[in-house]
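Chain by chain, the residues run as shown.
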Amino acid sequence: MEVTGGGEYVVGCRLAIKTTFGEDIEGAVLAKQEGSSGPRQNLRFLKVNYVKDVMLLGQAEEQFELQNPYLDMTSLRNREEAAIRQAEAEAERFGVGVTQEAQDIFDALSKTLPVRWEKTAILVMNEVRVSHPYLPDDVIGGPPAANERVRKVLELERKRLHSRVNG
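Overview of the structure. (Residues numbered from 1 in each chain as written. Predicted model: local features only at pLDDT ≥ 70, side-chain atom pairs only at ≥ 80, totals over all residues. Heavy atoms only, no water.)

**Thoughts on the packing of aromatic side chains**
Using the criterion set out here, one finds 1 aromatic pair in the structure. Taking the centre distance of 4.8 Å and the plane angle of 10° together, the rings of Phe 106 and Trp 117 count as stacked. Taken together, the residues Phe 106 in helix H2 (residues 100-110) and Trp 117 in strand E5 (residues 115-118) connect sequence positions 11 residues apart. Like Phe 106, the residue Trp 117 is buried in the burial classification. (Phe/Tyr/Trp six-rings, centres within 6.5 Å; stacked < 30°, edge-to-face > 60°. Helix = DSSP H or I, 4+ residues; strand = E, 2+ residues; numbered from the N terminus. Buried < 20%, exposed > 50% of the residue type's maximum accessible area, 1.4 Å probe, protein only.)

See below:
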């Protein structure tokens, strides 16, 4: 981690931080967590190993209640649970052991139809299965109308993806 501005960063000093993800964050150092009441403030926790660069901006202009800061633990737990649910839902959208083309087809189908991965097959509307190599002839199951709809959407999406790659 590269440190600009020198010295120790103490509670109340303002910092500009660049993360290893390229994100720029500005804020004040808060080091206490205990206490049960006080004014509401937005907090952001950052693991030190994600910090790439730090620059001391000076002392914070606003005064923080450092003797008795308030953390709404219920709200923090709710936000954490929501973030975990969202991360799990996003993780389910990524196929394991599939090609980039298969993932692109899944992503394209998911824009218009409910889809999920079932191993390396794409399950559409919980009843129509699209297996490798994900061609219209690889669509099986479900009622004939649903099967035909998936075939048409798949055919159009494959054409669109192919034209994007070759276009």
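After presenting the structure, the write-up continues.
**Some thoughts on the packing of H2 against helix H3 (residues 144-166)**
Any two packed helices are characterised by how steeply their axes cross, that is the angle between the axes, and by the distance between the axes. Taken N-terminus to C-terminus, the directions of H2 and H3 make an angle of 125°; their axes are 10 Å apart at the nearest point. Regarding the angle of H2 to H3, the classification is oblique. When the axes of H2 and H3 are compared, the crossing they make is right-handed. On H3, the residues touching Glu 101, Asp 104, Ile 105, Ala 108 and Leu 109 of H2 are Val 153, Leu 154, Glu 157, Arg 158, Arg 160, Leu 161 and Arg 164. (Axes fitted to C-alpha atoms, helices over the stretch in contact; angles between N-to-C directions. Parallel < 35°, antiparallel > 145°, perpendicular 65-115°, else oblique. Left-handed = near helix turned anticlockwise from the far one by under 90°. Contact = heavy atoms within 4.5 Å.)

**Things to note about the sheet that holds strand E7 (residues 128-130)**
Judged by pairing direction, the sheet is antiparallel, and its 4 strands sit side by side in the order E5-E6-E7-E8 without closing on themselves. Strands with a single pairing partner mark the edges of an open sheet, and in this sheet they are E5 and strand E8 (139-140). Bridge analysis of E7 against E8 gives 2 bridges, and the strand direction is antiparallel. Note on E8: the bridge partner recorded for Val 130 is Val 139. (Pairing = 2+ DSSP bridges.)

**With respect to the pairing of strand E3 (residues 24-28)**
Along any regular strand, the residues point their side chains to alternate faces of the sheet. Across 5 bridges, the pairing between strand E2 (residues 13-19) and E3 is antiparallel. When the bridges of E3 are listed, Arg 14 appears paired with Ala 28. Counting the residues between successive antiparallel strands, the hairpin from E2 to E3 contains 4 residues, one of them, Gly 22, with a positive phi of roughly 85°.

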